[in-house]
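# Analysis of the macromolecular model
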Amino acid sequence: MKKNQYTIAVIDGQGGSLGKTLVKRIKKEFPNLYVLAIGTNSLATSNMITSSPDAIATGENPVIVGAKNADIIIGAMGIIIADALHGEITAQMANAIGRSDAHKILIPISKCNISIAGTDKIGVENLIKDCMQLIKNQLIEDEINF
């Protein structure tokens, strides 16, 4: 991670398809931001690397370190819940993300074994579009040029 650079950490597990899509959209819409893609497993990491993040890592310790250093953390809702994503999210990961000073943008994906009322008909593409707007809003609040 480059020091003194605004950093977005995208954290994903399972097959990494959500993370891959998020990294690709972030790099397209905010090309000057540093994007760190962190997979909770090697398959997720492999899929996210194809979307050309600035850096990539796999596992618990990169999640913990990335959460500490990121300005924005993005991922499925389950990244803040221990044992989510079929046990891929450890208590240490969830704790590090939850305690991070980073702004968190969580996407309510039902695969996390979590249901959020009112989101069942929104669709992943609309959730990702909303995510991009939330990033833009946070950049404006933080007075970051994009």
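The structure displayed is predicted, hence computed values, not measured ones.

## Some points on the overall build of the protein chain
Along its length, the protein chain carries six helices and five strands. For 146 residues, the compact-globule estimate of 2.2 N^0.38 gives 15 Å, and the protein chain sits close to it at 14 Å. Once the C-alpha set of the protein chain is aligned to its principal axes, its extents read approximately 35 × 35 × 30 Å. Across the 146 residues in the protein chain, those meeting the buried criterion constitute 47%. Sequence-distant contacts, at least 24 apart, represent 71% of the contacts inside the protein chain between residues at least 6 apart. In the form shown here, the protein chain has an accessible surface area of approximately 7,600 Å², with 49% of it arising from carbon and sulfur atoms. Charged side chains of the protein chain number 14 positive and 14 negative; the gap between the two group centres comes to 5 Å.

## Here we look at the packing of aromatic side chains
Evaluated as defined, the whole model comprises one aromatic pair. Taken together, a centroid distance of 5.6 Å and an interplanar angle of 65 degrees make the contact between Phe30 and Phe146 edge-to-face. Here Phe30, found in the loop between helix H1 (17–29) and strand S2 (34–39), pairs with Phe146, found in the segment after helix H6 (124–141); they are 116 residues apart in sequence, far enough to count as distant. Residue classification places Phe146 among the partly exposed positions, given a relative accessible area of 37%.

## Some thoughts on the sheet that holds S2
With parallel pairing, five strands are arranged side by side in an open sheet as S3-S2-S1-S4-S5. Because the sheet does not close on itself, it has two edges, and the strands there are strand S3 (55–58) and strand S5 (103–107). Mean inter-strand twist for the sheet, computed between neighbouring axes without regard to direction, equals 20 degrees. Bridging between strand S1 (residues 7–12) and S2 involves six bridges; their strand directions are parallel. Paired with Val10 across the strands is Ala37, a residue of S2. Together, S1, S2 and S3 form the strand contacts of helix H2 (residues 42–49), whose direction differs from that of S3 by roughly 170 degrees. Contacting S1, S2, S3 and strand S4 (72–76), helix H3 (residues 60–69) runs over the sheet at an angle of about 150 degrees to S2.

## Considering the packing of H1 against H6
Direction vectors running N to C along H1 and H6 enclose 45 degrees, while the axes themselves pass 11 Å from each other. Relative to H6, the element H1 lies oblique. Here H1 and H6 pass one another in a crossing that is right-handed. Of H6, the residues touching H1 (which contributes Leu18, Thr21, Leu22, Arg25, Ile26 and Glu29) are Glu125, Ile128, Lys129, Cys131, Met132 and Ile135. Looking at the contact of H1 with H6, its residues break down into seven nonpolar, one polar and four charged.

Rules behind the numbers
- Residues numbered from 1 in each chain as written.
- Predicted model: local features only at pLDDT ≥ 70, side-chain atom pairs only at ≥ 80, totals over all residues.
- Heavy atoms only, no water.
- Helix = DSSP H or I, 4+ residues; strand = E, 2+ residues; numbered from the N terminus.
- Rg over C-alpha atoms; globule rule 2.2 N^0.38 Å.
- Buried < 20%, exposed > 50% of the residue type's maximum accessible area, 1.4 Å probe, protein only.
- Contact = heavy atoms within 4.5 Å.
- Areas by Shrake-Rupley, 256 points an atom, 1.4 Å probe, with all protein chains shown as cover.
- Lys, Arg positive; Asp, Glu negative; His and termini not counted.
- Charge placed at Lys NZ, Arg CZ, Asp CG, Glu CD.
- Phe/Tyr/Trp six-rings, centres within 6.5 Å; stacked < 30°, edge-to-face > 60°.
- Pairing = 2+ DSSP bridges.
- Axes fitted to C-alpha atoms, helices over the stretch in contact; angles between N-to-C directions.
- Parallel < 35°, antiparallel > 145°, perpendicular 65-115°, else oblique.
- Left-handed = near helix turned anticlockwise from the far one by under 90°.
- Nonpolar A, V, L, I, M, F, W, Y, C, P; charged D, E, K, R; others polar.

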